[in-house]
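Descriptive structure summary
Single-letter residue listing:
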Amino acid sequence: MDASLPKVTIPQLSPEEKQGLQDYWTVYEAYWKEVTAQLEEMALKHQEFKFIMQNPAARPTEEQRARNLEFQQNAILHQDWEPYLTNLQQQGMNYARGGLSFRAWFELISVFRRVMMPYLVNTYGDSAELLLSAMHGMDTLIDIALRGIGEAYLETKQQLIREQEAAVQDAIKQVRSEQRFRGLLEAAPDGMVIVDQEGKIVMVNAQMEKLFGYNREEVVGHQVEMLVPTRFKDVHPFHRGQYAKNSRLRPMGADLELYARRKDGGEFPVEISLSPMESEEDHLIIAAIRDITDRKRAEEKFRGLLESAPDAMVVVDQQGTIQLVNSQAENLFGYDRVELVGQPIEVLVPKRFRKKHAKHRGGYYGDHPIRPMGIGLDLFGLRKNGTEFPVEISLSPLETEEGLLVSAAIRDVTQRKRMEEDVQKLNEDLKQRAAQLEAANKELEAFSYSVSHDLRAPLRSIDGFSHVVLEDYGEQLPADARGYLERVRAAAQRMAILIDDLLNLSRVTRTALQPKFINLSKMAEEIVQGLQESQPERQVTVSLIPDLMVEADPHLMHIVLENLLSNAWKFTSKKEQSMIEFGQKNHVRERTFYVRDNGVGFDMAYADKLFGVFQRLHSVTEYPGTGVGLATVHRIISIHGGRIWAESAEGQGTTFYFTL
């Protein structure tokens, strides 16, 4: 048989589909031997595959397996699809020649998916995104493989049938020998029934006996209506007579559902091809009868999948006529399916787009790839009530015996469009606020420069000249005057410290984060060591949990720990047994760090003032400071996306908690 296979169609895949194929291939390549072993184990138990598995000549060699794997790898990783698809077509042709049913291939694919799923889950179970990508990649490859094998399988089957029919016709014309004719009849894969003009059965083959459960002696000489269901027996002679008036090679009952009746009374769906046969004695009719139960089940399964799809599904033929819809399409467009089936697809398209849509539809049927429709365009659907709504459409070709169909998955994206508009508006607001913030930062930089240069100079003069007066004229001045000058100097120095703290606070606000992986425990240890060196006479018990690692800005986190630990050091200065701790809370959802001391503490009624600028809960004479440090800490923690709070009681110490 010289099989002419369909032209190889290279799939046009999206970047997401290509990535899904690669994610799937990573797992399959690692476990293909295990997967193959499990598939072979299933095949040994399968009625149709068992013969192939037990026949070494029918099984692929190791070299062929390696070549098939290489074809598949090149297709997935390098988009070199033609060798792989050509190989699939050859397989489909071989399955058709070997008499393997397409249902068996579907069963093998089902087992393959079941076998692969545990490996995909084990590999990508920690990432739902990767798992879904790999599953989608596997299904994409299965869809491509089924299409490649199925097209070749169906084309080969049709050629076989045509050849069988042609062989029967040639045998009738060229060979009058009944023995040779019976041999051809017996070799036909379908049930063959030959009847005369009165409808009496003249001859049948073994496939007919197997199909209907009769012995040929039980049917030859009887009316063909004995093979027709009871409810059709009365009308069947009329149709038989009509065919006899214009006998020609054609399918019987086009666009009708035909059924046959077995000896046991059971009915089954059939497909019948009729051929006239001229003999010297009579005009005969040959009926080739095929059981299409499996095909019907596959169609019902397809309809079930169509109904279970989350999107509206509309299937159209090459003329753009709607053939099938699901319940989601009914809900989305407001039609009953009986109102849509048989109508042109443009009934669901707004009127202003219908002419262009017909042209685009015709162009798609040229190469019919799997792809989203209208890339870069705003697409709209039209409901029965005349309202329009934005849609997203994915198209998939379906090769059938009746011709090419196209399945359109239609999704209402009204909510997404609204969200996109909201996001766009939010982005515009953010840009405007960013511009305002940039202007404010420039003003703050100018103010900081002014504070740094214009205010510090007179303060230095006040402090400097006061110091000169005390040194040069101190003995001549009364004690009160010297005291006043000392107070002037102290105020000037305090103002300088306050200016430095304010400048540091403004820099924190404007500083861009430069996060790194840092050891907070090591940083705290260095700060405590510096505090101990500054006051070696103090006896303070320090407890630090080692190696608390975080990702944060090292410079800013040093400011945080320095302020919190310095405060703890300062407010425990009047305790005989001082204690300072730094660590991390256990058994909490988020990482929470703390700095704890047993110092003077404070009344929690004033906790809301703790992180404000210039807010102090103790007098300067008792514990020096400007009231800016905790405000700086609060801003740094906020910049890191964290929170800071305190718990305290007067005379019982304070604990500061913060998250990052």
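Being a predicted model, the structure only gives us computed values, none of them experimental.

What follows is about the side chain of Thr-654. As for its position among the elements, Thr-654 is in strand 19 (residues 654-659). Taking the relative accessible area as the measure of exposure, Thr-654 reaches 6% and is therefore buried. At a separation of 2.9 Å, a polar atom in the side chain of Thr-654 contacts the side chain of Ser-648. Not counting chain neighbours up to four residues away, the residues in contact with Thr-654 comprise Val-595, Arg-596, Asp-597, Gly-601, Phe-602, Glu-647 and Ser-648.

Strand order in this open sheet of 5 strands is 14-16-17-19-18, and the pairing throughout is mixed. Sheet topology places strand 14 (540-544) and strand 18 (644-648) at the edges, where each strand pairs with a single neighbour. Along the sheet, successive strands turn relative to each other by an average axial angle of 10°, direction set aside.

What follows is about the pattern of salt bridges. Taken as a whole, this structure holds 21 salt bridges when the rule is applied. For Glu-267, the salt bridge is made with Arg-231, and the minimal N-O distance between the two is 2.7 Å. Of the two residues, Glu-267 is situated in strand 5 (residues 267-278) and Arg-231 in the loop between helix 9 (216-219) and helix 10 (236-245); the sequence distance between them amounts to 36 residues. Looking at Glu-267, the relative accessible area reads 38%, which means it is partly exposed. Measuring nitrogen to oxygen at the nearest pair gives 2.6 Å for the salt bridge that ties Glu-388 to Arg-352. Of the two residues, Glu-388 is situated in strand 11 (residues 388-400) and Arg-352 in the loop between helix 13 (337-340) and helix 14 (354-367); the sequence distance between them amounts to 36 residues. A relative accessible area of 36% means that Glu-388 is categorised as partly exposed.

By size, the foremost hydrophobic cluster in this structure holds 44 residues, and its most contacted members are Tyr-24, Tyr-28, Val-35, Trp-81, Tyr-84, Phe-112 and Met-116. Elements that contribute at least two residues to this core include exactly helix 1 (15-45), helix 2 (49-54), helix 3 (62-78), helix 4 (81-97), helix 5 (102-124) and helix 6 (128-174). Tallying contributions element by element places helix 5 first for this core, with 11 residues. With residues up to four places along the chain from it excluded, the contact list for Met-116 reads Tyr-24, Val-27, Tyr-28, Val-35 and Met-138. By size, the runner-up hydrophobic cluster in this structure holds 35 residues, among which are Val-528, Ala-646, Phe-656 and Phe-658.

Bringing helix 10 into the picture now. Listed as buried for helix 10 are His-236, Arg-240 and Tyr-243. Seen end-on, helix 10 carries its buried residues on one side only, within an arc spanning 60°. In this structure, helix 10 carries Phe-238 and Lys-245 as exposed residues pointing more than 90 degrees from its buried face.

Let us look at the packing of aromatic side chains. Any two aromatic rings considered together are summarised by their centre-to-centre distance and by the angle between their planes. Here the structure, examined in full by the defined rule, presents 12 aromatic pairs. Here Trp-25 and Tyr-28 contribute two aromatic rings whose centre-to-centre distance is 5.5 Å and whose plane-to-plane angle is 45°, an arrangement assigned as tilted. Taken together, the residues span about one helical turn, with Trp-25 and Tyr-28 both in helix 1 at a distance of 3 residues. One exposure class covers both Trp-25 and Tyr-28, and it is buried. Taken together, a centroid distance of 6.3 Å and an interplanar angle of 75° make the contact between Phe-611 and Phe-656 edge-to-face. Taken together, the residues span a long stretch of sequence, with Phe-611 in the loop between strand 17 (592-597) and helix 19 (629-639) and Phe-656 in strand 19 at a distance of 45 residues. Take Phe-656: its relative accessible area is 7%, and that puts it in the buried class. Joined through ring pairs, the aromatic side chains of Tyr-24, Trp-25, Tyr-28 and Phe-112 make up one cluster. A cation over a ring is seen here: Arg-231 above Tyr-259, with NZ or CZ 5.7 Å from the ring centre. In this structure, Arg-352 packs its charged tip against the face of Phe-380, placed 5.8 Å from the ring centre.

All right, on to the environment of Tyr-95 then. By the element assignment, Tyr-95 lies in helix 4. When its relative accessible area of 18% is taken as the criterion, Tyr-95 is described as buried. In the structure, Tyr-95 is positioned 62 residues away from Lys-157 in sequence and 9.5 Å away in space, judged by C-alpha atoms.

Along the chain, Gln-532 falls in helix 17 (residues 520-534). Under the relative-accessibility criterion, Gln-532 is labelled partly exposed at 34%. Along the sequence, Gln-532 and Trp-569 sit 37 residues apart, while their C-alpha atoms lie 9.2 Å from each other. The residues touching Gln-532, leaving out its near neighbours within four places in the chain, are Val-540, Val-542 and Trp-569.

Cut-offs and rules
- Residues numbered from 1 in each chain as written.
- Predicted model: local features only at pLDDT ≥ 70, side-chain atom pairs only at ≥ 80, totals over all residues.
- Heavy atoms only, no water.
- Helix = DSSP H or I, 4+ residues; strand = E, 2+ residues; numbered from the N terminus.
- Buried < 20%, exposed > 50% of the residue type's maximum accessible area, 1.4 Å probe, protein only.
- Polar contact = N/O pair within 3.5 Å; in protein donor to acceptor, adjacent residues only side chain to side chain.
- Contact = heavy atoms within 4.5 Å.
- Pairing = 2+ DSSP bridges.
- Axes fitted to C-alpha atoms, helices over the stretch in contact; angles between N-to-C directions.
- Salt bridge = Lys/Arg side-chain N within 4 Å of Asp/Glu carboxyl O.
- Core = buried A, V, L, I, M, F, W, Y, C linked by side-chain atoms within 4.5 Å.
- Arc of directions from axis to C-beta.
- Phe/Tyr/Trp six-rings, centres within 6.5 Å; stacked < 30°, edge-to-face > 60°.
- Lys NZ or Arg CZ within 6 Å of the ring centre and 35° of its normal.

By themselves, these figures tell us nothing about what the structure is for.
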